[in-house]
Amino acid sequence: MREADMEVRRDRYLNNLIDRMHNGMIKVITGVRRCGKTYLLFELFGNYLRDELGVGDDRIVEVALDEEANRGLRDPGVLDSYLKSKIANKTSRYYVMLDEVQYAISDEELRGHEPPRLYGVLNGLLRMRNVDVYVTGSNSKLLSSDVMTQFRGRGDEVRVRPLSFSEFMQGFEGDKYQGWAEYVVFGGMPLLLGMRTDEQKSRYLERLFSETYLKDVVARNKVAKTQELEDLVDVLASSIGSLTNPPKIEATFKSVLNSKITANTISTYISYLEESFLIEEARRYDVKGRKYIGSPKKYYFEDIGLRNARLGFRQVEETHIMENIVYNELRARGFSVDVGSVAKARRVDGKVVRKQLEVDFVANLGSRRYYIQSALHLPDEEKTRQEKAPLREVPDSFSKIVLVRDVVKPTYDNEGILTMSVFDFLLDEESLSK
């Protein structure tokens, strides 16, 4: 791999920030910790302002509140005075960038005993017409929901995710097949690009999960049953791509772990993990009935390397991992993603028997919709028939696609179902539109 200082272009997120410039809102950059929020704001967006727009350094106010040198600025009153001293010219446009703003929120405020004074500082900046404001915060103490609630429509979220496969390949010295073999094991946390050995990568991901993410969840939510939280993470990591729900997980805890944790507690813990951007849920959608079905759901991990690390790299089964990677790519492209359920009726011994077939993903973005199956291989006609069966039952004319890891040329069958290589899908942002 290349050196750690190799610049990975994150155009998807940079363009999101550029599109939101001067919109009268606070741009809130969220995402799991260590996914590259600071790099996006200070380096990529900062360089865009300087190099493309000619904005001088005196009009870019950058404050990294997690740095020890800026400890004094963690007091909102001091921070407010400092920022106003930097905004000297009332007729020029200024760009205020605050990194890790949770450091300016006290523990007492975090416990909800009083509103954070930081929000008063940010609201004051919003009232200054010549100031454009951008903030980042760790998932443990400043979640997007917190910010959106406080600013009542004046916070604009940009969700940042770990490196996609195409971003990862910018920093990988090898072909896409070698890159895939690396990516399905270690995922896309940016700092991995600077690590040379598997041991380094493994230890980094394992420590990151246990010493950063889980500690954050426990601290923020005052979780008392920490072992049960860790066990739940392991259960979810083992079941990516499988339908599950809290009652089912509760039964697993009772039978396997002899635990008395309740379904309600499990549901609460899952919400903590979702709020921390570690996992996401995909709901079931009745394609023919055009309505959502309740439980069970599927859960996918924000980064497949973190998921693998949590399991000690013992369950690296490529079928479910590819499904997780496809889900993450669709979400990164802005799609809402559900699990499709479609009924197929047939007669058996004179009786009508209905069977529920599953479409891996129903992806929606505006007026666009795609039905997508993730299939590692299609080795024979029987496997091909099985994968396409749910798509054939879909009653509308939106695009239907089967993604395979095999090297294939994009091909349509007689029913209009497209078979495409997962590499073509992941490496081409416009692959679904062609």
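Caption draft 1: Focus on the pattern of salt bridges. Counted according to the given criterion, the structure contains 34 salt bridges. With a shortest N-O distance of 2.6 Å, aspartate 57 and arginine 50 are connected by a salt bridge. Aspartate 57 gets classed as exposed once you look at its relative accessible area, which sits at 53%. Arginine 71 is the partner of glutamate 68 in a salt bridge, and the nearest nitrogen-oxygen pair spans 2.7 Å. What makes glutamate 68 exposed here is its relative accessible area of 52%. Judged by relative accessible area, which is 47%, arginine 71 ranks as partly exposed.

Caption draft 2: Spotlight on the environment of histidine 320. Mapped onto the secondary structure, histidine 320 falls in helix H14 (residues 318-332). With sequence-adjacent residues up to four places away left out, histidine 320 is seen in contact with Ile240 and Gly241.

Caption draft 3: Region of interest: the side chain of threonine 212. Here threonine 212 shows up in helix H9 (residues 198-221). Ignoring any residue separated from it by four or fewer positions in sequence, one finds threonine 212 in contact with Arg33 and Arg207.

Caption draft 4: The sheet that holds strand E10 (residues 368-375), seen in detail. Taken in spatial order, the 8 strands of this open sheet run E7-E6-E8-E9-E10-E11-E13-E12, and their pairing is mixed. Every other strand in the sheet has two partners, leaving strand E7 (291-301) and strand E12 (411-412) as the edge strands with one partner each.

Caption draft 5: Representation of unusual backbone geometry within the structure. The amide bond that connects serine 295 to the next residue, proline 296, takes the cis arrangement and shows omega of 5 degrees. On the secondary structure map, proline 296 appears in strand E7. Non-glycine residue lysine 222 carries a positive phi angle of around 50 degrees. For lysine 222, the position within the fold is in the loop between H9 and helix H10 (226-238). Here the phi dihedral of arginine 290 falls at roughly 55 degrees; this positive angle occurs in a residue that is not glycine. Relative to the elements of secondary structure, arginine 290 occurs in the loop between strand E6 (279-286) and E7.

Caption draft 6: Fine view of empty space enclosed by the protein. In the structure shown here, the tally under the stated rule is 2 cavities of 30 Å³ or more. If you go around the largest cavity, you meet 16 residues; those closest to its centre are Pro162, Leu163, Ser164, Tyr183 and Asn328. When residues of the lining of the largest cavity are traced back to their parent elements, those giving at least two are helix H1 (11-19) and H14. In the lining of the largest cavity, the residues fall into 9 nonpolar, 2 polar and 5 charged.

Caption draft 7: Representation of the packing of aromatic side chains. For the coordinates displayed, the defined rule picks out 17 aromatic pairs. Relative to phenylalanine 172, the ring of phenylalanine 168 has its centre 5.6 Å away and its plane inclined at 25 degrees; by these criteria the two rings are stacked. The residues phenylalanine 168 and phenylalanine 172 share a single accessibility class, namely buried. Consider the rings of tyrosine 327 and phenylalanine 361, whose centres lie 6.1 Å apart with planes at 45 degrees: the pair is tilted.

Caption draft 8: A look at the sheet that holds strand E2 (residues 60-64). An order of E2-E3-E4-E1-E5 is seen for the 5 strands of this open sheet, with the pairing classed as parallel. Two strands close off the open sheet at either side, each with one partner strand: E2 and strand E5 (155-159). Neighbour to neighbour, the strand axes of the sheet diverge by 15 degrees on average, direction disregarded. Pairing between E2 and strand E3 (residues 94-99): 5 bridges, direction parallel. Paired with alanine 64 across the strands is aspartate 99, a residue of E3. Each of strand E1 (26-30), strand E4 (131-136) and E5 touches H1; the most contacted strand, E5, lies at about 170 degrees to it. Sitting on the sheet, helix H2 (residues 37-52) touches E1, E2, E3 and E4, and the angle it makes with E3 is about 165 degrees.

Caption draft 9: Quick peek at the nonpolar core. Within the largest apolar cluster, 95 residues are counted, with the highest numbers of intra-cluster contacts made by Phe45 and Leu330. When sequence neighbours within four positions are dropped, the list of residues in contact with phenylalanine 45 reads Leu14, Leu17, Ile18, Met21, Leu40, Met97 and Tyr134. By size, the runner-up hydrophobic cluster in this structure holds 25 residues, among which are Tyr94, Leu98, Met128 and Val133.

Conventions and cut-offs
Residues numbered from 1 in each chain as written. Predicted model: local features only at pLDDT ≥ 70, side-chain atom pairs only at ≥ 80, totals over all residues. Heavy atoms only, no water. Salt bridge = Lys/Arg side-chain N within 4 Å of Asp/Glu carboxyl O. Buried < 20%, exposed > 50% of the residue type's maximum accessible area, 1.4 Å probe, protein only. Helix = DSSP H or I, 4+ residues; strand = E, 2+ residues; numbered from the N terminus. Contact = heavy atoms within 4.5 Å. Pairing = 2+ DSSP bridges. 1 Å grid on protein atoms, 1.4 Å probe; cavity = no way out; pocket = protein on both sides within 12 Å on 5 of 7 lines; lining within 4 Å. Points joined across faces, edges and corners; volume = space filled by probe spheres on them. Nonpolar A, V, L, I, M, F, W, Y, C, P; charged D, E, K, R; others polar. Phe/Tyr/Trp six-rings, centres within 6.5 Å; stacked < 30°, edge-to-face > 60°. Axes fitted to C-alpha atoms, helices over the stretch in contact; angles between N-to-C directions. Core = buried A, V, L, I, M, F, W, Y, C linked by side-chain atoms within 4.5 Å.

Read these as geometric descriptors, not functional statements.
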